[in-house]
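Architecture and fold: a report
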Amino acid sequence: MNKKEVAEIKRRLKKDTSTISRIVGCYVNSSKDKVCTFNENFLDMQDEELHKYLEIASKTLSGTVGNNLIELAFPIEAEELGSPQQSLMALKQSELKDESLCEAFFDHVIETYDFVGNYLILLYYDDYDVIVKTSDNMKLDESEETYSYIICSICPVMLSKPGLGYREDENRIGARIRDWIVGPVDSGFTFPCFTDRSSDIHSIMMYTKKADDPHKEFWENGLGCASKLTATEKKNAFTNILAQTIGPDKEDTSEIIVDIQANLNDYIESKEEILDKDEPIILEASDVHKILEDSPITEEKADTITKKYEEFFVDEVPQATEVLDAKMLKNNELKIEKKNLLKEVAELNHKLQAAGAVDADGKDNDIVVNVTPKKKDQITTTFLDGKRCLIIPIDDGEKATINGEKQ
């Protein structure tokens, strides 16, 4: 599923456009006991509840494709009778009306999902009559296919924070009663994938709130899929390879990493000029070595980094944008900007001292300037070192008085 296909399904998860017909849930406590379950017609719910459940479903299709949203393929052996993929197919075909299938799914999640604390498992069922689109994206009325799918959302359930509140039964202010609140989605999936605007039963779209620490045990053991690295994991792995090779104890390690990231950014920009807009920039090991050639490291370390990169990403070569640390580059720009600003302030303070506007301690002196009427319109203001200042043009023949002394 690409970004457009995810957005197309996500747009359906609103009150006015939703056709979700059924919702099933299971509340699990920290001891992995099923506290309660429910199976309801979705449209029979009260509006306030319906809106909240739609928000949860929508969140399960949120984030960046390749980072928070990861498409996984079922291996051939995972599509055999009794496999997780076959169980999902049975759930979908039953439209979540078979309670025994739902209970079996909940048991499987509890067994394979590693989570400390209480959580809620939700399943939604929906049918989408896919509208045919022409090449220019104009919609036609007739639909070629009905895309039937289920969404699973797993949310932590936490105690509300302690606080004070009005206790109406006692007519006093006292400790507020704490209750259990369903939190934001932690993990989930959409099955089957909506690939090329059609049902793909051989793939599943996973959602993870924490792109740096997804529940891969559930991906592998719960769903039988081979896990993938998120973009965040790829970026962190690349940064770790650089840091370990350059030397964690070296003072300028961070500066060298920033320099390499800047070169990587330049490489991406150069590729974007010659490639199509949506064409990915795959970063091969040879490309990494070329980027390192322009960085302040030895050839030996460049070879080591290239080798580690090739070994780590042997199964899936990342895109260049996935290992680019844009936040690091932005923070470095702000750091340089601040450094230059401090330098400018120091130079300005030196000039003010030379002109007698401030003394050696930076204390302001009184300045009196006799301004001719014709120059009054030339007086402007500006901010220097956080202070609003007047700018008054003075000709060579004019004098300013500082602390009573003419300059």
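About the cut-offs
Here the residue numbers are simple positions, counted from 1 along each chain's written sequence. Whole-chain, interface and lining totals are the exception, using all residues; otherwise, since this is a predicted model, local features are given only for residues with pLDDT of at least 70 and side-chain atom pairs are given and counted only at 80 or more. Heavy atoms throughout the structure, all of them, feed into the side-chain values; hydrogens and water do not. Two rings belonging to Phe, Tyr or Trp (six-membered ring only in the last case) form a pair when the distance between their centres is within 6.5 Å. Interplanar angles under 30 degrees mark stacking, angles over 60 mark edge-to-face geometry, and anything in between is tilted. Here a strand is any run of E in DSSP of at least two residues, a helix any run of H or I of at least four, and the numbering for each starts at the N terminus. The buried label goes to any residue with under 20% of its type's maximum accessible area, the exposed label to any with over 50%, and the partly exposed label to all in between, with areas taken from a 1.4 Å probe on protein chains only. Axes, fitted as lines to C-alpha atoms, cover a helix only where it is in contact. Angles between the N-to-C directions of the axes lie from 0 to 180 degrees. Roughly parallel covers angles under 35 degrees, roughly antiparallel covers those over 145, roughly perpendicular covers 65 to 115, and oblique covers all other angles. The sense of a crossing depends on the near helix, which, turned anticlockwise from the far helix by less than a right angle, makes the crossing left-handed and, turned clockwise, makes it right-handed. Contacts between residues were defined by any pair of non-hydrogen atoms, one from each residue, lying within 4.5 Å. For cavity detection a 1 Å grid was placed over the protein atoms alone, and a set of points counts as a cavity when a 1.4 Å probe fits there but cannot get out; an open set counts as a pocket when protein lies on both sides within 12 Å along at least five of seven lines, with lining residues being those that have an atom within 4 Å of a point. Grid points are joined across faces, edges and corners, and a volume is the space filled by probe spheres set on the points. Amino acid classes used here: Ala, Val, Leu, Ile, Met, Phe, Trp, Tyr, Cys and Pro are nonpolar; Asp, Glu, Lys and Arg are charged; the rest, including Gly, are polar. Patches here are clusters of residues that have more than 30% relative accessible area and form no salt bridge, with a 9 Å joining cutoff for like charges and a 5 Å cutoff for nonpolar side chains (Val, Leu, Ile, Met, Phe, Trp, Tyr). The Shrake-Rupley method, run with a 1.4 Å probe sphere, supplies the accessible areas, and residue values consider only the shown protein chains as cover. For salt bridges, the criterion is a side-chain nitrogen of Lys or Arg within 4 Å of an Asp or Glu carboxyl oxygen. Residues scored as charged are limited to Lys and Arg (positive) and Asp and Glu (negative), so that His and the chain ends carry no count. We put the charge of a Lys on NZ, of an Arg on CZ, of an Asp on CG and of a Glu on CD. Put simply, a nonpolar core is a bunch of buried Ala, Val, Leu, Ile, Met, Phe, Trp, Tyr and Cys residues held in one set by side-chain atoms that sit within 4.5 Å of each other. Two strands form a pair only when DSSP identifies at least two bridges running between them.

1. Some details on the packing of aromatic side chains
In this structure the tally under the stated criterion is 15 aromatic pairs. Both rings, one in F42 and one in Y124, keep their centres 6.2 Å apart while their planes meet at 70 degrees; by these two values the pair is edge-to-face. Separated by 82 residues along the polypeptide, F42 in the loop between β2 (34-41) and α2 (47-59) and Y124 in strand β4 (residues 118-133) bring together distant segments of the chain. Since its relative accessible area comes to 0%, F42 is described here as buried. Both rings, one in Y309 and one in F313, keep their centres 4.9 Å apart while their planes meet at 55 degrees; by these two values the pair is tilted.

2. Overview of the environment of A90
Inspection of the secondary structure puts A90 in helix α3 (residues 84-93). Residue class for A90 comes out partly exposed when judged on its relative accessible area of 24%. Taking the C-alpha atoms as reference points, A90 and C102, twelve residues apart in sequence, are found 9.8 Å from one another.

3. Thoughts on the packing of helix α6 (residues 231-246) against helix α7 (residues 253-272)
Running from N to C, α6 and α7 cross one another at 135 degrees; their axes reach a closest spacing of 10 Å. Classified by the interaxial angle, the pair formed by α6 and α7 is oblique. Between α6 and α7 the crossing geometry is right-handed. Note on element contacts: α7 touches α6 through T253, I256, I257, I260, Q261 and L264, opposite F238, T239, L242, A243 and I246.

4. Describing empty space enclosed by the protein
One pass over the structure, following the stated rule, counts one cavity of 30 Å³ or more. The wall of the largest cavity is formed by F238, I260, L264, L283, V288, I291 and L292. Every element with two or more residues in the lining of the largest cavity is listed here: α7 and α8 (285-293). Counting residues per element, the lining of the largest cavity draws most heavily on α8, at three residues. Among the residues making up the lining of the largest cavity, the classes are represented as seven nonpolar, no polar and no charged.

5. Thoughts on a negative patch on the surface
On the surface, D266, E269, E272, E273, E293, D294, E299, E300 and D303 cluster together to form a negatively charged patch. For the negative patch, the elements supplying multiple residues, two or more each, are α7 and α9 (299-312). Note on D303: relative accessible area 37%, which makes it partly exposed.

6. Here we look at the side chain of Q85
Within the secondary structure, Q85 is located in helix α3. Under the relative-accessibility criterion, Q85 is labelled buried at 1%. In this structure Q85 touches F74, A78, E79, F191 and I201, once residues within four positions along its chain are discounted.

7. Focus: the nonpolar core
By size, the foremost hydrophobic cluster in this structure holds 33 residues, and its most contacted members are L88, F105, I121, F189 and I204. If you tally residues by element for this core, the top one is helix α4 (residues 99-112), at five residues. Apart from residues lying up to four places away in sequence, L88 is in contact with F74, F105, I150, F189, F191, I204 and L223. Core analysis: the second largest hydrophobic core is formed by 32 residues, F42, A57, L122 and Y147 among them.

8. What about the pairing of strand β7 (residues 172-175)?
For strand β6 (residues 164-167) and β7, the ladder comprises four bridges, and the chain directions are antiparallel. Note on β7: the bridge partner recorded for R167 is R172. The hairpin formed by β6 and β7 contains four residues between the paired strands, and N171 there has a positive phi angle of roughly 50 degrees.

9. Comments concerning the pattern of salt bridges
A side chain of one charge can pair with a side chain of the opposite charge if their charged atoms are brought near each other. According to the stated counting rule, one finds eleven salt bridges in the structure shown. The partner of D126 in a salt bridge is R12, with the nearest N and O atoms 3.3 Å apart. Placement of the pair is D126 in strand β4 and R12 in the loop between α1 (3-10) and β1 (22-28), with a sequence separation of 114 residues. As far as the burial class goes, D126 and R12 line up, both buried. In this structure, E55 engages K52 in a salt bridge whose closest nitrogen and oxygen atoms are separated by 4.0 Å. With E55 and K52 both in helix α2, this residue pair falls three residues apart, about one helical turn. Three or more residues are tied together by salt bridges with common partners; here these are K34, E103 and D107.

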